[in-house]
Amino acid sequence: MNGGSGIWLGLLQALFILLVAPLFTGLARILRARMHSRRGPGILQDYRDIWKLMRRQEVVPSEASWVFRVAPYVILGTTLLIAMIVPVLTVRSPLAMVGDLILVVYLFTIVRFVLAAAGLDSGSGFAGVGASREMALGVLVEPVIILVLFIVALLSGSTELGTITAKVVNGDLAYHSPSFWLAALAFAIATFIEMGKLPFDLPEAEQEIQEGPLTEYSGPSLALLKWGLGVKQLVVVALFLAVFFPFGTAVTPAPGPVVLAMVAWLAKVTAIYLIVAVLENSMARFHLYRVPIVTGLVFGLSLLSLVYYALNS
Amino acid sequence: MPASGMIPSMALLLLVTSLLVVEARRLRTAAYMYAIQSLVLASIFLALAIVMDAEPLYIWSLTALLTKVILVPYLLLRTVRFIGEEEIEGTFSTPVSTTIAALLVALSFGVVGVVQEYAILQVKVALAVSIAHFLLGLLAILTQKHALKQILGFCLMENGSHLTLALTAYNAPETVEMGILTDAVFAVVIMTILARRLHKGFGTLNSDRYTLLKG
Amino acid sequence: MAALQLLMLSIVLYAVGAVLSLTWSKARPLGSYVAAASTLMAALAGLGAAATVLAGGQAVAGEFPSVVPFARFSVELDALSALVLAVLSLLAAATAIYSLAFDRQFAGAGAGVLGFLNNVFILSLVLVVASANAFYFLVFWEIMTLASFFLVAYRQDREAIHAGILYFAVGHVAAAALIVSFVILFLHAGSFDFAAIRDAQLPPAVRHVVFALTLLGFGVKAGVVPFHFWLPPAYAAAPATMSALMSSKVAVYAFVRVGLDVLRVHDDRWGLFVLALGGLSALLGALYAVNENNLNRLLAYSSTENVGIMLMGIGAGMIGAATGNGVLAGLGILAGVFHLVNHAVFKGLLFLGTGAVTCRLGTASMQAMGGLIKRMPWTAAAFLTGAMAISAIPPLNGFVSEWFVYQSLFAAGASDSPLVKGVAPLAAAILALAGALAAMAFVKAFGITFTGPARGERARQASEVPGAMVAGMVVLAAGCAVLGLGAPAVGPYLARAASTVVEAAPITIRAGLAVVPGAAAGPVISTPLVALLLGVLAALAVLVAVLPGGSRSGRRVDESPWACGYAYSHRMAYTSAAFAQPLRVLFRSPYSFQVAARSLLARLEVLGTGTMRFLQRVEPVWERWLYRPVASGTLWLGRRVQSLQMGNVRVYGLYLIVALIVLLLSAAR
């Protein structure tokens, strides 16, 4: 794909994900409420929340410095950049000339790094707990993500995301390969952990992993952060879909197929949110120190995938 | 998809379920996982029967379904209900034991690579998995402290050897197969009875606490 | 010849700088200014020499008059040594500027000696890099060790002397290994010249033995994992400028030069070994770094981690060279060398930043820091740049070299050998784990030191360091940005440097604004575009925040953070020890290993506590390290034998599985 149209398509993707992110966080809230036999807010509630926060005055603790103030913009900007690189609408990555999947994984590190730094900067003890846990969770999840993506990249011959997506769409890389489905299973669980859902994170609790560093935020900054974390959730799902379930994406970047791809992608994400909601609401919160049991199993799955790759292809 | 293409995937699914059996925290979950695993085993027998055109394997598949998917898990679940859930961690943490498991799998693949008799690649994979599975069961017996988990480890070992047998000696008379199955079932029956007695005597199934047995 | 003359000039100017700071130190401040200017000019001359070689694309060789008859004083600057010379000169320049103000705290306490030692240290490093003769290489290596020993012990308090003597002992273990290996080479090649050794027909066994010895010698000096224990005390005791210079990790360069270039050991088993050693160092170094509460010690452990990352790249490259995979060989060595260059820049920066903080606070303990971002804004910004670079945050330089390490592991993963195919992705996962740990360590280092509330009185009253120190840090921070954003421009030189070692044509690194791993088609990363897009998208986020009008109502600065309705106290802020708590629980076993390493350290420290104390301690030392292990070993053996017959039931099973695995392994043969 040539650079010019790639940039525009990338911007379209970023804008698309930015606009639908509150929709899906709202959907998650509704599903959760329904499973608790509550009515729950309307599906548009998160848009209203963000709009309301945007117009409020901001309160900043006296200890905080510019790191605290800059963090929301960096986090939203970084997640949008990921949204531009991951193939969401077309088979090819819109920004293949900018980076590959290793860059994407390290862009997620920026989000973590900045969120934790901002948490420590606020001076609040709760934010510190959240910052520490955020980084610890990264330590547990990132190696597995890299291992799984590495195996899939080796199977498809390139660490470039568009190449992998194209191979899966073509059927060169398919689920009858044990390496591939084991990797898919492992990555699905890793995605679930990264989404910050219940057994690993309690998104509504102030001292928890994701909300922790947000403790001291208010007004427009809080709105941007909530939005940014919503986008992050969606981008994690998008990465999973791009690598392991890219069916329905447009082969050419023409308007018709792209619109169809949007619809298909929304349907796939809705399905994932439904599954996630069921899983989330059927489990109780894990102790942080229990997470290694799950990541250990994911690691085991990816090791099986690796052994099969190393010895049979 | 032809049945031969399914065999490696199903064999690896067998390994995945055995990881789940070993790492499941609750005993009930572990027993259910074992039932799922036996279901996979029965389907592998079915697929092998089609691929290798071996009629005895159809019967193997059916008997495995009856005994291992239904009877053995039922016995185990009853025992769990009798003694109650007791959470005892294994010797190794999950990442360590999964790493060891993967190493065992790699080892078995290496061993099978030497065996030249099997022309069909998929069958080779299944053979490697069966050996790995046997070793995994053994590992579970050694590293798990809960007596019921050790019984499950025995069942895993048994599943592994069952698969090895199906791959290498499926033409043996049916009596052999019957012998294995009754052996497996009765072993589980006896061991669950022993587990109940132990539970009565010690109030726990943590084998590390059985120090009174020392001579 | 221009390059050689510049190198000469640089050497002479370092010598002049050394003499001047020693003799003129009484005539402060003029003397120190002249000395620093001399060092700075020497560094610029060194940069010029390196730039000439790199731009010309030709190796330059020459000879200086030798003082001994049996060895020629030959020097050579090829692309690799020129690159290391360049980064060394950059560090020298930055520290020269920095020390103008930094050395003032040692005024009257031998600031002149400090300047002298620093110059001698840089001089010996430059000559180690340029030497093409094993004898002179060793001579300058020894001078370097001696100068750095005095620098480590410079503060002359108990701690510094301990650290210095430990360093001295370790340095001589390394030197002994190197002397033995060079003598073996001399006996076989009949000459100390690297060129002659390169051409000599060495028996394979000799090659392997010598390679093992060089790996040991340079590995000890670089602080790879079994030998990492000397780094934390040494770095904690040494002045910041010295620590920054030591971050150049010339030992890793020397390993590449001697082990790969001169010895030409092309064996994939050694490659795998180096890769595994690197992975272990990266992982354990990062784990220990997270758990440190002293900034200098944290940085020291992180050096172990980064040396590990370099070795991972080099190991992958060695596998490539052994299997005739030119792209893998080029990529791996390039990744290792690139990370060496980057590490020198960002770790140098971090040490200078730590030096700035400690010279204001009088301690490197993070427990006494906090809130410095408001009182030392420039230092904070520079430190943050270094912390982000070392955490491999794109688009800074640390990310680029780690990306190359990943790409070399990817190329290794696509090779034919099942073992390599299995190990390479695992190594990538270990690199990711080490990277996540390093990110955690440096979020902590920056966050606890510079942000949040001040945790001590001196932190509350700190002020920004003088301009010269800031300027020194800014030079290196700019280096981080240039090496990161300018990767497409710098890459080809690195590829050329790597190709001198593996004897292959340089691999393709650049494609327009992006860097590529060996081939123009395939994965790319473009750091300039990443920076541009991040900027644009963050600006978009600002726009989104400004448009609805919330920012118009202004920002209210509240007195203190929320504390459940109680009065906020700075003691409620998170501490550095608490931040790492989850990891202490999650990785219990490696930390007990750390305790074991500490006791080894304690053992070596005993050697350094002077004769008197040593005599007093001789008895317990022998008891502790000889008699007690024997006694407890016998007991242990007895207990094991006992358990053979009546131990845990599961132990019986263990014999079974061990026997089975041995059987299977012998079958797999």
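Residues numbered from 1 in each chain as written. Chains lettered and ligands numbered in written order. Predicted model: local features only at pLDDT ≥ 70, side-chain atom pairs only at ≥ 80, totals over all residues.

### Notes on the overall build of chain A
Per the secondary structure count, chain A includes 10 helices and 1 strand. Shown N-terminal to C-terminal, the secondary structure of chain A runs as helices and strands in the order α-α-β-α-α-α-α-α-α-α-α. Taken over the C-alpha trace, chain A has a radius of gyration of 19 Å; the compact-globule value for 313 residues is 20 Å, and the two agree within 12%. Based on the C-alpha atoms only, the size of chain A along its principal axes is roughly 55 × 45 × 40 Å. Going through the 313 residues of chain A one by one, you find that 67% of them count as buried. In chain A, once contacts between residues fewer than 6 apart in sequence are set aside, the share between residues at least 24 apart is 79%. (Helix = DSSP H or I, 4+ residues; strand = E, 2+ residues; numbered from the N terminus. Rg over C-alpha atoms; globule rule 2.2 N^0.38 Å. Buried ≥ 20, exposed ≤ 12 C-beta atoms within 10 Å, placed from the backbone. Contact = placed C-beta atoms within 7 Å.)

### Side note on the overall build of chain B
For chain B, the helix and strand inventory stands at 7 helices and 0 strands. Listed by position from the N terminus, the elements making up chain B come as α-α-α-α-α-α-α. A total of 215 residues make up chain B; the buried ones form 48% of that total. Considering only residue pairs separated by 6 or more positions, chain B has 73% of its internal contacts joining residues 24 or more positions apart.

### Considering the interface of chain C and chain A
Taken together, the contact pairs 73 residues of chain C with 73 residues of chain A. Counting residues per element, the ones that place at least two in the side of chain C that touches chain A are α15 (372-375), α17 (397-413), α18 (418-450), α22 (527-546), β5 (555-558), α23 (576-579) and α24 (581-586) of chain C. Looking at which element gives the most residues to the side of chain C that touches chain A, the answer is α18 of chain C, with 17 residues. Taken together, the residues of the side of chain C that touches chain A sort by class into 51 nonpolar, 16 polar and 6 charged. (Nonpolar A, V, L, I, M, F, W, Y, C, P; charged D, E, K, R; others polar.)

### Quick word on unusual backbone geometry
Of note, the amide linkage connecting P394 of chain C to P395 of chain C takes the cis form, showing an omega dihedral of 5°. Along the chain, the position of P395 of chain C falls in the loop between α16 (377-390) and α17. For S37 of chain A, which is not a glycine, the phi torsion comes out positive at approximately 60°. On the secondary structure map, S37 of chain A appears in the loop between α1 (3-35) and α2 (45-54). Among the residues examined, S37 of chain A registers 6 C-beta atoms within 10 Å and is labelled exposed. A positive phi angle, near 55°, is found at R264 of chain C, a position not held by glycine. Turning to its location among the elements, R264 of chain C is positioned in the loop between α11 (250-262) and α12 (268-290). The exposure class of R264 of chain C is partly exposed, given the 16 C-beta atoms found within 10 Å.

### As for the confidence of the model for chain B
Residues and elements named next belong to chain B. Here chain B averages 79 in pLDDT, while 89% of its residues score no lower than 70. Within chain B, helix α2 (residues 27-51) carries the highest mean pLDDT (87), whereas helix α7 (residues 174-202) carries the lowest (77). Interface confidence in the predicted complex, given as ipTM, is 0.94; pTM for the same model is 0.89. (pLDDT = per-residue confidence, 0-100.)

### A short note on helix α3 (residues 66-85) of chain A
Residues and elements named next belong to chain A. With 20 residues, α3 extends 28 Å between its outermost C-alpha atoms, agreeing within 8% with the 28 Å of an ideal straight helix rising 1.5 Å per residue. Within α3, the axis deviates most sharply at P72, by approximately 30°. Most of α3 is tucked away, with 17 of its 20 residues classed as buried. (Expected span 1.5 Å × (residues − 1). Bend = angle between axes of the 7 residues up to and from the residue.)

### Some points on the environment of F286 of chain A
Residues and elements named next belong to chain A. Counting through the fold element by element, F286 comes out in the loop between α9 (255-281) and α10 (291-312). Judged by C-beta crowding, with 16 C-beta atoms within 10 Å, F286 ranks as partly exposed. It is 23 Å that separates the C-alpha atoms of F286 and L234, two residues lying 52 residues apart in sequence.

### Structural notes on the environment of K347 of chain C
Mapped onto the elements, K347 of chain C comes out in helix α14 (residues 326-361). Spatially, the C-alpha atoms of K347 of chain C and A389 of chain C are 9.2 Å apart, while their sequence positions differ by 42 residues.

### A word on the pairing of strand β3 (residues 508-511) of chain C
Walk down a regular strand and you will see the side chains alternate between the two sheet faces. Residue and element names in this part refer to chain C. Where β3 lies against strand β4 (residues 514-518), 3 bridges are found, and the strand directions are antiparallel. Directly across from T508, in β4, lies its bridge partner G518. A loop of 2 residues connects β3 with β4, the two strands running antiparallel in sequence, and G512 in this loop sits at a positive phi of about 65°. (Pairing = 2+ DSSP bridges.)

### Structural notes on helix α5 (residues 125-156) of chain A
Residue and element names in this part refer to chain A. Under the 1.5 Å per step criterion, the end-to-end length of α5 is 46 Å for 32 residues, consistent within 8% with the ideal 46 Å. Taken as a whole, α5 carries its principal kink of about 30° at V141; the proline P143 stands between one and four residues after it. A large share of α5 lies buried, amounting to 32 of its 32 residues. G157 occupies a position one or two residues after α5 and carries a positive phi of about 90°.

### Quick look at the packing of α5 of chain A against helix α6 (residues 161-170) of chain A
Residue and element names in this part refer to chain A. Direction vectors running N to C along α5 and α6 enclose 65°, while the axes themselves pass 10 Å from each other. By the angle between their axes, α5 is roughly perpendicular relative to α6. The interaxial crossing formed by α5 with α6 has left-handed handedness. Each of V152, A153 and S156 in α5 lies in contact with α6, whose residues at this interface are T163, I164 and K167. Split by residue class, the contact of α5 with α6 holds 3 nonpolar, 2 polar and 1 charged. (Axes fitted to C-alpha atoms, helices over the stretch in contact; angles between N-to-C directions. Parallel < 35°, antiparallel > 145°, perpendicular 65-115°, else oblique. Left-handed = near helix turned anticlockwise from the far one by under 90°.)

### Observations concerning the packing of helix α7 (residues 178-194) of chain A against α10 of chain A
Residue and element names in this part refer to chain A. Relative to each other, α7 and α10 sit at 160°, their axes nearing to 8 Å. Relative to α10, the element α7 is oriented roughly antiparallel. At the point where α7 passes α10, the crossing takes the left-handed sense. Judged by residue contacts, P178, S179, L182, A183, L185, A186, I189 and A190 of α7 engage V294, V298, L301, S302, L304, S305, Y308 and Y309 from α10.

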